[in-house]
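Structural overview
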Amino acid sequence: MPRPYPEEFRQDVVRVVRNRGPGVTVEQVATDFGVHPMTLWKWMRRADIDDGSKPGTSSQESAELRDARRRFKLLEQENEVLRRAVAYLSQAHLPGKDLPAREGAGRGRDARYGDVPGAEARQAALLPLARQAGARRRTGTGLSRGRAVRRPPRGPGVRLPVPCR
C-alpha cells in the first residue's frame, strides 16, 4: 500500500511547523496543508527521532532491522531444507536402507519411490522437502481429486439431525 504523502512533502511540512511564527499553532499549519493535526504531530515526532534529538529507533534503523529479519527468515527456511536433506541422505547409509539395484531398472522408473539410482533419486526426493519448507500449501479447499465435496454446515446455530429410535 503506497504512502499517501511523499517523504519530501512530510519534511517540508515539518520544516514549516518548526519555523512557524509565535501566534501560529500546529493545528493551523495542518489545516493549511490539508493534513490531520495528529498526523502532523506524528511526523514531527518521527523527525525528532531521526534527527537524534529524541531517543528511539530511526527510520533508517527500522529499515535495516526489517531487512535483517527478512534475511534471517530466509536463512532459517534454507537451514530447514538442509536439515531435512541431511536426515534423508543419512537414512540411505543405514544398513537395510540402501537403494537396491533392481532387476529391469530400465522399465518403470519412478523417482518418487527411489527407483532412479544416484543423484537423480536424491534430487527427486529433496524436491518435495524444499517445497514444504519454502511455501505454504493451501488446505481445506473443499475439493478432493477434482470433485466437489459436500461438508456439513458448522456453527453455533446449526443443529444436526437426531436419529429416530
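The paragraphs below set out a description of the structure included in this document.

**Thoughts on the packing of helix 2 (residues 26–33) against helix 3 (residues 37–51)**
The N-to-C vectors of helix 2 and helix 3 enclose an angle of 105°; their axes lie 9 Å apart at closest approach. In terms of their interaxial angle, helix 2 and helix 3 are classed as roughly perpendicular. Every residue of helix 3 that contacts helix 2 at Val26, Glu27, Val29 and Ala30 is listed here: Pro37, Leu40, Trp41 and Met44.

**Here's the deal with helix 1 (residues 7–18)**
Helix length check: helix 1 (twelve residues) gives 17 Å between terminal C-alpha atoms against 16 Å at 1.5 Å per residue, within 8%. Restricting attention to buried positions, one finds in helix 1 the residues Arg10, Val13, Val14 and Val17. One side of helix 1 carries all its buried residues, which in axial view fall inside an arc of 100°. Among the structural elements, helix 2 and helix 3 are those in contact with the buried residues of helix 1.

**A word on the packing of aromatic side chains**
The full count for this structure, using the stated rule, is four aromatic pairs. A ring pair is formed by Tyr5 and Phe9, whose centres lie 5.5 Å apart and whose planes are at 20°; its orientation type is stacked. Taking the centre distance of 5.3 Å and the plane angle of 80° together, the rings of Tyr5 and Trp43 count as edge-to-face. Of this pair, Tyr5 sits in the segment before helix 1 while Trp43 sits in helix 3, and the two are 38 residues apart along the sequence. For Tyr5, a relative accessible area of 26% translates into the label partly exposed. The buried category is assigned to Trp43, whose relative accessible area is 8%. What links up through ring pairs into an aromatic cluster is the set Tyr5, Phe9, Phe33 and Trp43.

**Focus: the nonpolar core**
Residues Val13, Val14, Val17, Val26, Val29, Ala30, Val35, Leu40, Trp43, Met44 and Ala47 constitute the largest nonpolar core, which totals eleven residues. Elements that contribute at least two residues to this core include exactly helix 1, helix 2 and helix 3. With four residues, helix 3 is the largest single contributor of residues to this core. Residues within four places of Trp43 in sequence aside, it is in contact with Tyr5, Phe9, Arg10, Val13, Val14 and Val35.

Thresholds applied
- Residues numbered from 1 in each chain as written.
- Predicted model: local features only at pLDDT ≥ 70, side-chain atom pairs only at ≥ 80, totals over all residues.
- Heavy atoms only, no water.
- Axes fitted to C-alpha atoms, helices over the stretch in contact; angles between N-to-C directions.
- Helix = DSSP H or I, 4+ residues; strand = E, 2+ residues; numbered from the N terminus.
- Parallel < 35°, antiparallel > 145°, perpendicular 65-115°, else oblique.
- Contact = heavy atoms within 4.5 Å.
- Expected span 1.5 Å × (residues − 1).
- Buried < 20%, exposed > 50% of the residue type's maximum accessible area, 1.4 Å probe, protein only.
- Arc of directions from axis to C-beta.
- Phe/Tyr/Trp six-rings, centres within 6.5 Å; stacked < 30°, edge-to-face > 60°.
- Core = buried A, V, L, I, M, F, W, Y, C linked by side-chain atoms within 4.5 Å.

The values are spatial; any link to function lies outside them.
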